Structures are given as structure tokens and as C-alpha cells.
Amino acid sequence: MPGFRLQRRREVADEALVRSLFAEHGRAMLAYATQLTRDRAAAEDVVQEALVRAWRHPESLVNGKGSVRGWLLTVIRNIVTDQIRARNARAPEVRESPVDVPSDEDHAEQVVNAMVVVDALSQLSTEHREVLEQLYLQGCTVTEAAKALGIPPGTVKSRSFYALRALREIKSLSPAGTERSAS
Amino acid sequence: MNINHVDLAGYLTKSLDADEHRQAEEHLATCAECRAEAESLQEWTMALEAVPEAMLLDGPPDDADLLLQRTLRQIRQESSGANRRRSTLVGIAAAVVVAAAVAGGAAVGRFTSPSDAPPVAQPPTAAVSSGPTAAPGTRTATAVDATTGARITVALTPAPGWIRVKAAVAGIPQGERCLLQVVDKSGKVTLAGSWLVSEAGADDGTTLDGSALVPLDQVGSVRVVTEGGKQYTSVSL
Ligand SMILES: [Zn+2]
């Protein structure tokens, strides 16, 4: 029956979507989820849930304004935030390690911005992005960054300064600025 | 930056020597303008330092084959659950073919052989709506566009004041950004869904679940157009 063949092809296409998202963005997704949860096993569960949501709503992947990676990372943040809220809601009754709960939340708030930063970095010029990646993500000194990029140390300093200002202009770090519709 | 009191670029890149660094700190302690600028940009250097480098890297995670397999297993399970829902549409499409054959042999809803299927202005919906697999009150229709060759089968299920729209669309090339629209009897257009045609979708069609804020008795037609406005197919109800 034609309908069944249609269905079967749809399933094959669905699996291909999930496989390609995993192959392209899996490392970034797991890194972000691990940073938020500080637990590799919990992070894998979050990544699985995010991929399943992408599979359920493939249209939001292609229709969104931001990048596919931005969408996936936003979904990861939302899942972790929901988990923390649910845990906090239960906490008064079960009284399990009450000290850990607020610190989890603080931690999540601190690193939640990583997704915003990745998004903002992708909007910088290549020159600006490279110098910031060398200095702050890879932790290079100015001399090391100058050597890696093949530019004078003075240029590394001034370029990184303007790159930081450009980054600030692209996005504010306020929580309101991090809100995007993805669930 | 038009103030030049202090080497902020050097300060933020931690490239000042001990003396310069101490001087910079002394200045920042007394100058609100420079301090505000330094603190604002330091928020960003700290945010950058908190980003795991892996978040910028492409590729799959290390040692995570099991994670992929688990995820694929979950979507297979969910889609076999969803098959029960989607099979309503498959059943309806089959019913359309049967009903059409009974009604006079028109080749309607034949997804496997589009070339010999003529455009159908008025599919035999009345005969189909009483089919055993259709939800109560569901109306279905099928059409093939003579020019584009694109084919659509829709099933509209009434809800109070709106409709659920199930559609199977085939014959649209890969890469097209498509909109599924419901046009009411006054000509007003409501979006019921949108998608990007995949390779598999181009070969064998795409099934869609959507909805539209249009009462069933006000529906005039359902059509597929691209974001650019090209119409691929339209079916009257
Ligand atoms: Zn100053």
C-alpha cells in the first residue's frame, strides 16, 4: 500500500535527521549539557531529550531565526532549567541535600550564558572571533595568540578589545536577552 | 573608546607587567568611567572563559555511540506509537482510492504513479467521510496538480471553531520551503503548517499534522505554496 511506503520513508528520513544533528552538533550539545549539569550521565539524558524534541518539531529547526546549534543549545538550557525547577519544587518535602539545590541553580545561571556567548561569537567577524577564542577560550597569552594568528602582539591587544566591545553590542548578558522561544 | 586614561586592552588581556598592572588598578579604583568600562567588558571575558571549547567544535561527542543508539531507539518507539495516529490518514487515503474506484474509476490518490493521475476538481468526499477509519465528521480530499505534478491528500477533522489538518504531500522537489494553507470561503488564508522538503520527502512525499483556526464548514480549499509564492497544488473541499 502506497501509504505504508510513505510512512516507512518518513521514518528513514527522521533517523537521518537525528543522525546528522548528532554528527554535526553532538559534541557541542554534550559539552554544554555537561557544563550545566556537571554530570556526564545526566548530560547524556538531556542531549537525548533535546534530539527527540528536534525530531518531534523538525519544522522549528529550519524555521527559527537563529542557527540550528543555537536552537539545540537553547532547548538543552530549557530542559535543564525545567529539571532544576522541578527539583526545587520537590525539595521542601523530601528535604534531600537542601544545600545542593540553590548552588545548582546559581551554577546554572552562571553558565547559562555560554549559549548566548556561542551565538554572539558566531555573529562576529572572523578576525574578532579568532582573537577572542585564542585568548579566552583556549587561554593563550597575548604572545601565544599573536604567534598562532600571525599578527603583532599589539594588534592582538587592540583587536581583542574591539572584539569584546562588538560582542557586548551584539548581545546583552541580561537574562532577558537570553530568552528565545524553543521548547 | 575615547578616554585614554589607562591601557584597558592590556588590562583585559592580562598582558601588563606587574608595575603597569598595579598602576591600572590604582586608576580603576579612582575613575568611575574607566571602572565601568572595565567591569562591563570583564563580564564578557569571564563569560568567554566559562564556555567549554567543545561548544564551538563540530562533530559528534567522544564515546557516545550508545547515546545515539538510545536516542534512535526512543524515536522508533515513539513513531510506532504515532503510527497508530498517522494510520488514520493512511487508511483515509486508501479509502479515497477505493471510493474513487467505486465512483467511476478516476485515478485519485495514487501516490505511486503520478503521471497518469488527472487533476481532480471535486473528489468524492461524501463517499469517503463515512469510511470506517475516519474520525467522526472528518472530510477528506485528494488532488493532483496537472502543471506541477504535485499531489495532496488532506483529512480535516472538526474541533469547535477550528480543524485538525492531516496532509500527505508528494511531488515537490527537495529544498523547497513549503507552506500548507487553508483558504476559507471568503478567500482568507490561514497557515496550517510549514516544512522544508527533504530528499526522502521529494522521493516519496511528506506527511504533516497541522491545524487551522477555520471552522470546517468555512473551508474552501487547502493548498501548498512555497515561501516565494509558487503554488504547487490545491484541493477543494
Ligand atoms: Zn579613567
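Before reading on, note that the structure itself is shown above.
Treat the numbers as computed from the prediction; the structure is a model and nothing was measured. (Residues numbered from 1 in each chain as written. Chains lettered and ligands numbered in written order. Predicted model: local features only at pLDDT ≥ 70, side-chain atom pairs only at ≥ 80, totals over all residues. Heavy atoms only, no water.)

**Describing the pattern of salt bridges**
Applying the stated criterion across every chain, the model contains 19 salt bridges over all chains. B:Arg70 is the partner of A:Glu44 in a salt bridge, and the nearest nitrogen-oxygen pair spans 3.6 Å. Here B:Arg70 lies in helix 4 (residues 65–104) and A:Glu44 lies in helix 2 (residues 40–56), a pairing that spans two chains. Close ionic contact of A:Arg56 with B:Glu78 constitutes a salt bridge, the shortest N to O distance being 2.9 Å. Here A:Arg56, found in helix 2, pairs with B:Glu78, found in helix 4, and the two come from separate chains. Since its relative accessible area comes to 37%, A:Arg56 is described here as partly exposed. On the basis of relative accessible area, B:Glu78 is assigned to the partly exposed category, the value being 26%. (Salt bridge = Lys/Arg side-chain N within 4 Å of Asp/Glu carboxyl O. Helix = DSSP H or I, 4+ residues; strand = E, 2+ residues; numbered from the N terminus. Buried < 20%, exposed > 50% of the residue type's maximum accessible area, 1.4 Å probe, protein only.)

**Thoughts on the sheet that holds strand 4 (residues 177–184) of chain B**
Residue and element names in this part refer to chain B. Taking strand neighbours across the sheet as the criterion, the 4 strands line up as 5-4-7-8 in an open arrangement whose pairing is antiparallel. Two strands lie at the open edges of the sheet, namely strand 5 (189–196) and strand 8 (231–236), each paired on one side alone. Within this sheet the neighbouring strands show an average axis-to-axis angle of 15 degrees, counted without direction. Here strand 4 runs beside strand 7 (residues 219–226); their pairing, made up of 7 bridges, is antiparallel. By the bridge assignment, Gln 181 is partnered in strand 7 with Arg 223. (Pairing = 2+ DSSP bridges. Axes fitted to C-alpha atoms, helices over the stretch in contact; angles between N-to-C directions.)

**Quick word on the interface of chain B and chain A**
With 59 residues of chain B at the contact, the number on the chain A side is 62 residues. Contact with chain A buries surface across chain B, with B:Trp44, B:Leu48 and B:Met55 losing the most and accounting together for 14% of the total. Close ionic contact of A:Arg69 with B:Asp58 constitutes a salt bridge, the shortest N to O distance being 2.7 Å. Our count for the contact surface shared by chain B and chain A stands at 20 residue pairs in polar contact (both at pLDDT 80 or more). Where the side of chain B that touches chain A is concerned, the elements lending two or more residues are helix 1 (8–12), helix 3 (32–50), helix 4, strand 5, helix 6 (199–204) and strand 6 (206–212) of chain B. The greatest single-element share of the side of chain B that touches chain A, amounting to 14 residues, is contributed by helix 4 of chain B. (Contact = heavy atoms within 4.5 Å. Buried area = accessible area lost by both parts, 1.4 Å probe. Polar contact = N/O pair within 3.5 Å; in protein donor to acceptor, adjacent residues only side chain to side chain.)

**Re the packing of aromatic side chains**
Residues and elements named next belong to chain A. Going through the model one piece at a time under the given rule, you end up with 1 aromatic pair over all chains. Judged by centre distance (5.7 Å) and plane angle (70 degrees), the rings of Phe 161 and Tyr 162 are edge-to-face. For Tyr 162, a relative accessible area of 45% gives the class partly exposed. (Phe/Tyr/Trp six-rings, centres within 6.5 Å; stacked < 30°, edge-to-face > 60°.)

**Notes on the coordination of the zinc ion**
Residue and element names in this part refer to chain B. Coordination of the zinc ion by the protein is provided by His 5 (ND1), His 27 (NE2), Cys 31 (SG) and Cys 34 (SG), with metal-donor distances spanning 2.0 to 2.3 Å. Coordination geometry of the zinc ion: the 4 donor atoms subtend angles of 103 to 117 degrees at the metal centre, consistent with an arrangement described as tetrahedral. Motif for the zinc ion, donor spacing along one chain: H-x21-H-x3-C-x2-C. Residue His 5 is found in the segment before helix 1, and its partner His 27 is found in helix 2 (residues 18–30); the two are separated by 22 residues along the sequence. We classify His 5 as partly exposed; its relative accessible area is 45%. (Donors = N, O, S within 2.8 Å, 3.2 Å for Na, K, Ca; no water. Tetrahedral: all angles 85-135°; square planar, octahedral: opposite > 155°, others 65-115°.)

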